[in-house]
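Here's the letter readout for the chains.
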Amino acid sequence: MYVRQNMIVKSSLLEKVPGLLHGFGTAEQSIPKSFNPIWEKTKPVWKQVHKTQIAEVFSPGQACGEVDALYTRMNDLAIGVWTADCVPVLLANTSGKGIASVHAGWRGTYDRIVVEFWKQLEKQGEQASNWVAAVGPAVGPCCYQ
């Protein structure tokens, strides 16, 4: 479920994660205004390529290369993905000690980008039961008529 507040679309599941500031942008406002200060100071540098590469972000302005998913365990870092007709997926550890953003286009979804993300986290000792996810707004059949 999403709630719309001042042009920020939010997830009721992610709202319960302590210390997490999140939201899905809109066509009119891709980065919600309240996120701009931290986004501009800390956003990673990456190029989305519609594949399954994933990068962990450790520092502000980190160069991540060609990836379609970002995650971090660091406080006060902003991560995100850009979508048009693809699907944004935001994930968070329920303790607030990890967040992720996944760009799930048709190619990445076909190649199982979310599964690849979980494989990477499991190698680091994470358990899926400690995470929640929200699938953001995306294009629908009405857009192709």
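Just so it is clear, the model here is predicted, and its values are computed rather than measured.

*Asks:* Just to check I follow, could you spell out the overall build of the protein for this structure?
*Replies:* Looking only at helices and strands, the protein has three helices and nine strands in total. In the protein, the succession of helices and strands from N to C terminus is β-β-α-β-β-β-β-β-β-α-α-β. Relative to a compact globule of 145 residues, whose C-alpha radius of gyration would be 15 Å, the protein shows 14 Å and is just as compact. Seen through its C-alpha atoms, the protein measures out along the principal axes to roughly 45 × 35 × 30 Å.

*Asks:* I tried to follow helix H3 (residues 113-123) on my own but got confused; where do I start?
*Replies:* Within an α-helix, residues lying three or four positions from one another point in the same direction, as the helix has 3.6 residues per turn. Considered for burial, the residues of H3 that qualify are Ile113, Phe117, Trp118 and Leu121. With its buried residues spanning 140° around the axis, H3 presents them on a single face. Directly beyond the C-terminal end of H3, a positive phi value near 90° is found at Gly125.

*Asks:* Sorry, what's going on with the side chain of Ser11 here?
*Replies:* As for its position among the elements, Ser11 is in strand E2 (residues 8-11). By relative accessible area, Ser11 is classed as buried at 2%. Side-chain polar atoms of Ser11 contact the backbone nitrogen of Leu14, separated by 3.1 Å.

*Asks:* In this structure, what is going on with the packing of aromatic side chains? I would like to understand it.
*Replies:* When we look at a pair of aromatic rings, we describe it by the centre distance and by the angle of the planes. The final tally for this structure, using the stated rule, is six aromatic pairs. Judged by centre distance (6.3 Å) and plane angle (90°), the ring pair of Trp39 and Trp46 falls under edge-to-face. Classification of Trp39 as buried rests on a relative accessible area of 7%. The interplanar angle of 90° and the centroid separation of 5.6 Å between the aromatic rings of Trp118 and Trp131 together place this pair among those described as edge-to-face. Separated by 13 residues along the polypeptide, Trp118 in helix H3 and Trp131 in strand E9 (residues 131-135) bring together distant segments of the chain. Across the pair, Trp131 and Trp118 agree in class, each one buried. Through a chain of ring-to-ring contacts, three or more aromatic side chains come together here, namely Tyr71, Phe117, Trp118 and Trp131.

*Asks:* Explain unusual backbone geometry here, please?
*Replies:* Leaving glycine aside, a negative phi is the common case for residues, and trans is the common case for peptide bonds. Phi is positive for His50, close to 60°, though the residue is something other than glycine. Given a relative accessible area of 30%, His50 falls into the partly exposed group. Phi is positive for Arg112, which is not a glycine, with a value near 65°. Mapped onto the elements, Arg112 comes out in the loop between helix H2 (106-110) and H3.

*Asks:* Hey, could you run me through the pattern of salt bridges in this one?
*Replies:* Pairs may arise between side chains of opposite charge once their charged atoms sit close together. Enumeration according to the criterion identifies five salt bridges in this entry. Residue Lys10 is joined to Glu15 by a salt bridge in which the shortest nitrogen-to-oxygen separation is 3.8 Å. Look at Lys10 and you get buried, because its relative accessible area is 13%. Taking the relative accessible area as the measure of exposure, Glu15 reaches 42% and is therefore partly exposed. We note a salt bridge from Arg73 to Glu56, for which the minimum N-O separation is 3.0 Å. Taken together, the positions of Arg73 in the loop between strand E6 (69-72) and strand E7 (87-93) and Glu56 in strand E4 (residues 54-56) put the pair 17 residues apart, joining distant regions of the chain. What makes Glu56 buried here is its relative accessible area of 17%.

The rules behind these values
- All residue numbers refer to position in the chain's written sequence, counted from 1.
- This being a predicted model, a pLDDT of at least 70 is required before a residue's local features are given, and a value of 80 or more before pairs of side-chain atoms are given or counted; all residues contribute to the totals for chains, interfaces and linings.
- No hydrogens and no water enter the side-chain calculation; it runs on all heavy atoms of the structure.
- Helix and strand definitions here come from DSSP, where helices need a minimum of 4 consecutive H or I residues and strands a minimum of 2 consecutive E residues; each element is numbered from the N-terminal end.
- Our radius of gyration is a C-alpha quantity, and the globule rule it is checked against amounts to 2.2 Å times the number of residues to the power 0.38.
- Burial status follows relative accessibility: with a 1.4 Å probe on protein chains alone, a residue under 20% of its type maximum counts as buried, one over 50% as exposed, and anything between as partly exposed.
- It is the directions from the helix axis to the C-beta atoms whose arc is reported.
- Polar contact criterion, stated in full: a pair of N or O atoms within 3.5 Å, where within protein one must be able to donate a hydrogen and the other to accept it, and residues adjacent in sequence count only if both atoms are side-chain atoms.
- Two aromatic rings from Phe, Tyr or Trp, using only the six-membered ring of Trp, form a pair when their centres are within 6.5 Å; if the ring planes differ by under 30 degrees the pair is stacked, by over 60 it is edge-to-face, and anything between is tilted.
- When a carboxyl oxygen of Asp or Glu lies within 4 Å of a side-chain nitrogen of Lys or Arg, that pair is called a salt bridge.

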